[in-house]
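Single-letter residue listing:
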Amino acid sequence: MLHPYKWSGRGRWPRRRASGAGTGPGAGTGPGAGTGAGRGGSGRIGWVELFVSWHDWSRAEPELRRVLPAGTAAAVSAAVRFAVGWHGDQRRPTGAPYLDHLLEALEVLVRGAGVTDPDVLCAAVLHDVVEDTPCSLEEIGAAFGPKVAELVGWVTIPEPGPGEAKSDVKLAYLGRLRHAPAQARLVKLADRASNVQTLRNLAPERQRYYFAQTVTYIVPLAAMDPWFARWYAAWQEDFADLG
């Protein structure tokens, strides 16, 4: 799905604009925070806290090693190498390297929600590998264990079967997420936060569609975690004109 982390000039920015982090409706840290984790994003658009400062892995990795236990940081670094190996030169529809989106999802979890669970963090980095490359869940399981493979499986949109429309399969997948384990829901919340944090980059019709889909299927999942509940509440308020 399109990842709009740069403004194209279409539409308008939300009503309030501010810089910095740590204030407003989306501020705070969630459960699972470790020492130094959950310190906030890299800026704001309105009340929406942005997570776009880890696109450079050479910059992100040292910070990750400062704020996470050594074993967890090593596992996540291995997941990044694995994802780079499979995604290769893939790019998002914006032209941005695919890795940018994966590292944004990771940054949301670590710097935003304060998550330190290595399975969740590895799954966040690997969440599109099966959906968008020839990699299989079995290969993920062999490299990172069955739990990570299970989480990636929960957030992977299945291939349509005979006679199935891709759009119907995706909506059914989104509906099933409410039954997903809490760890898988954290991965999906971080994935979608990366995708919608700068929604204004999309064409107006696509903005409205993606806003409605997120409010219907993703925002209810955020109630499980205080930080995500605040972040999505701030996001929904700032993009309310799309509803």
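Report on the accompanying structure. Source: prediction; values computed, not measured. (Residues numbered from 1 in each chain as written. Predicted model: local features only at pLDDT ≥ 70, side-chain atom pairs only at ≥ 80, totals over all residues. Heavy atoms only, no water.)

Describing the overall build of the protein
Scanning the protein for helices and strands turns up 11 helices and 2 strands. For the protein, the sequential pattern of α-helices and β-strands runs β-β-α-α-α-α-α-α-α-α-α-α-α. Across the 243 residues of the protein, 52% fall into the buried class. Pairs at least 24 apart in sequence give 73% of the contacts found in the protein among residues at least 6 apart. By element, 55% of the accessible surface of the protein is carried by carbon and sulfur atoms, the whole surface being about 10,100 Å². (Helix = DSSP H or I, 4+ residues; strand = E, 2+ residues; numbered from the N terminus. Buried < 20%, exposed > 50% of the residue type's maximum accessible area, 1.4 Å probe, protein only. Contact = heavy atoms within 4.5 Å. Areas by Shrake-Rupley, 256 points an atom, 1.4 Å probe, with all protein chains shown as cover.)

Let's talk about the packing of helix α9 (residues 182-196) against helix α10 (residues 204-218)
α10 packs onto α9 with a crossing angle of 160 degrees between their chain directions and a minimal axis gap of 12 Å. By the angle class used here, α9 and α10 are roughly antiparallel. Handedness of the crossing formed by α9 with α10: left-handed. Of the residues in α10, those in contact with K188, L189, R192, N195 and V196 of α9 are Y210, Q213, T214 and I218. When its residues are assigned to classes, the contact of α9 with α10 shows 4 nonpolar, 3 polar and 2 charged. (Axes fitted to C-alpha atoms, helices over the stretch in contact; angles between N-to-C directions. Parallel < 35°, antiparallel > 145°, perpendicular 65-115°, else oblique. Left-handed = near helix turned anticlockwise from the far one by under 90°. Nonpolar A, V, L, I, M, F, W, Y, C, P; charged D, E, K, R; others polar.)

Quick notes on the pattern of salt bridges
Under the criterion given, the structure shown has 6 salt bridges. Here E61 ties to R65 by a salt bridge, and the two come within 3.1 Å at their closest N and O atoms. With E61 and R65 both in helix α1 (residues 57-67) and 4 residues apart, the pair spans about one turn of that helix. Classification of E61 by relative accessible area gives buried; the value is 19%. With its nearest N and O atoms 3.1 Å apart, the salt bridge here joins E107 to R111. Residue E107 and its partner R111 are located together in helix α3 (residues 98-112), separated by 4 residues, close to a single helical turn. Just as E107 is buried, R111 falls in that class too. What you see here is one network of salt bridges that share partners, running through E63, E107 and R111. (Salt bridge = Lys/Arg side-chain N within 4 Å of Asp/Glu carboxyl O.)

What about helix α11 (residues 226-238)?
Its 13 residues place the ends of α11 19 Å apart at the C-alpha level, agreeing with the 18 Å of an ideal helix rising 1.5 Å per residue. Taken together, the buried positions of α11 are W227, F228, W231, Y232, A234, W235 and D238. The arc that holds every buried residue of α11, seen down its axis, measures 155 degrees, which confines them to one face. Against β1 (43-45), β2 (48-50), α3, α9 and α10 lie the buried residues of α11. Sitting at the amino-terminal end of α11 is D225, which places a side-chain oxygen 3.0 Å from the backbone nitrogen of W227. (Expected span 1.5 Å × (residues − 1). Arc of directions from axis to C-beta. Polar contact = N/O pair within 3.5 Å; in protein donor to acceptor, adjacent residues only side chain to side chain.)

As for the packing of helix α4 (residues 118-126) against helix α7 (residues 146-154)
Where α4 meets α7, the closest approach of the two axes is 9 Å, and the angle between their N-to-C directions is 50 degrees. In terms of their interaxial angle, α4 and α7 are classed as oblique. Note on packing geometry: the crossing formed by α4 with α7 is right-handed. Contact with α4, carried on its side by D119, V120, C122, A123 and L126, involves K147, V148, L151 and V152 of α7 and no other residues of that element. Of the residues contributing to the contact of α4 with α7, the split by class is 7 nonpolar, no polar and 2 charged.

Scope: geometric values only; no functional claims are made or implied.
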